[in-house]
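# Observations on the three-dimensional arrangement
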Amino acid sequence: MANVSLTSKAKIVILFANQYDMKDEDGNKLAGCSVHYMFWGENGEVLASEAEFDPTKPVGIQRAKCSVDSVLRNKIVVAPGLYEGTFEMTVGADGKPVNRLRDVAFISHLEIKPKVLPGFIVQGMIQPEAAPEAKEPGKAVK
């Protein structure tokens, strides 16, 4: 039987990467790179803010975390940054298919900026005109 691997590519935002080199409980060496990322979509649409006013329900985007070969850390030099991630379909310990990050290629720097939506009110919020992030650099405050 041929060893066929299914791969796919997706734009991801890498938030954090860190090499590790340690020993497990039995004294065996463990080395690799921990990578925290989120899917981006084609133009960032996956990271669009969402609102959920029911506190019993989740809100936001959960980051993914994986462990990859430590050599991959050499390719992750900017964070947060936009990367093309190459994923390989494998079978997890529970027998279910899992997409595992196998390679990355840097696309661009990423700028995260606040966005004020006129008329959008949340209980207890700081009004946008008073929020430090709403002031543009180099402009006088009214």
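Treat the numbers as computed from the prediction; the structure is a model and nothing was measured.

## Considerations on the sheet that holds strand E1 (residues 6-23)
- Here we have 5 strands laid out as an open sheet, ordered E3-E2-E1-E4-E5, and antiparallel in their pairing. Edge strands, defined here as strands with exactly one partner in the open sheet, are strand E3 (64-68) and strand E5 (97-109). For this sheet, the mean inter-axis angle between neighbouring strands, taken without regard to orientation, is 45 degrees.
- As defined by bridge partners, strand E2 (residues 29-39) adjoins E3 across 5 bridges and the pair is classed as antiparallel. By the bridge assignment, Cys33 is partnered in E3 with Val68.

## Here we look at the environment of Lys75
- Mapping Lys75 onto the fold places it in the loop between E3 and strand E4 (81-91).
- Taking C-alpha positions, Lys75 is 8.7 Å from Asp103, a pair spaced 28 residues apart along the chain.
- If near-sequence neighbours (up to four positions away) are discounted, Lys75 is found in contact with Tyr83, Asp103 and Val104.
- At a separation of 2.7 Å, a polar atom in the side chain of Lys75 contacts the side chain of Asp103.

## Focus: the state of the cysteines
- Within the structure shown, the criterion is met by 0 disulfides.
- Unpaired in terms of disulfides, Cys33 finds its nearest cysteine sulfur in Cys66, a separation of 8.2 Å.
- Cys66 sits in the buried class, given a relative accessible area of 17%.

## Side note on the pairing of E2
- The sheet contact formed by E1 and E2 spans 11 bridges and is antiparallel. Within the sheet, the bridge partner assigned to Met22 lies in E2 and is Leu30.
- As consecutive antiparallel partners, E1 and E2 are separated by 5 residues, and within that stretch Gly27 has a phi angle of approximately 85 degrees, a positive value.

## Section: the environment of Ile107
- Mapping Ile107 onto the fold places it in strand E5.
- We classify Ile107 as partly exposed; its relative accessible area is 39%.
- Between the C-alpha atoms of Ile107 and Leu82, which are 25 residues apart in sequence, the distance is 5.4 Å.
- Beyond its immediate stretch of four places on either side in the chain, Ile107 contacts Lys11, Leu82, Tyr83 and Glu84.

## Considerations on the nonpolar core
- Ranked by size, the top nonpolar core spans 15 residues in total, and within it Ile12, Ile14, Val35, Tyr37, Leu101 and Val104 carry the most contacts.
- Elements that contribute at least two residues to this core include exactly E1, E2, E3, E4 and E5.
- Dropping the residues within four chain positions of it, Tyr37 is found in contact with Ile12, Val13, Ile14, Leu15, Arg63, Ala64, Cys66, Phe87 and Leu101.

## Here we look at the pattern of salt bridges
- What the rule picks out here adds up to 6 salt bridges.
- Here Lys29 makes a salt bridge to Asp21, at a shortest N to O gap of 3.9 Å. Pair check on accessibility: Lys29 and Asp21 agree, each one exposed.
- Of the charged contacts, one joins Arg102 and Glu88 as a salt bridge, the two residues approaching to 2.9 Å between their closest N and O atoms. Placement of the pair is Arg102 in strand E5 and Glu88 in strand E4, with a sequence separation of 14 residues.

Thresholds, definitions, all that
- Residues numbered from 1 in each chain as written.
- Predicted model: local features only at pLDDT ≥ 70, side-chain atom pairs only at ≥ 80, totals over all residues.
- Heavy atoms only, no water.
- Pairing = 2+ DSSP bridges.
- Helix = DSSP H or I, 4+ residues; strand = E, 2+ residues; numbered from the N terminus.
- Axes fitted to C-alpha atoms, helices over the stretch in contact; angles between N-to-C directions.
- Contact = heavy atoms within 4.5 Å.
- Polar contact = N/O pair within 3.5 Å; in protein donor to acceptor, adjacent residues only side chain to side chain.
- Disulfide = S-S within 2.5 Å.
- Buried < 20%, exposed > 50% of the residue type's maximum accessible area, 1.4 Å probe, protein only.
- Core = buried A, V, L, I, M, F, W, Y, C linked by side-chain atoms within 4.5 Å.
- Salt bridge = Lys/Arg side-chain N within 4 Å of Asp/Glu carboxyl O.

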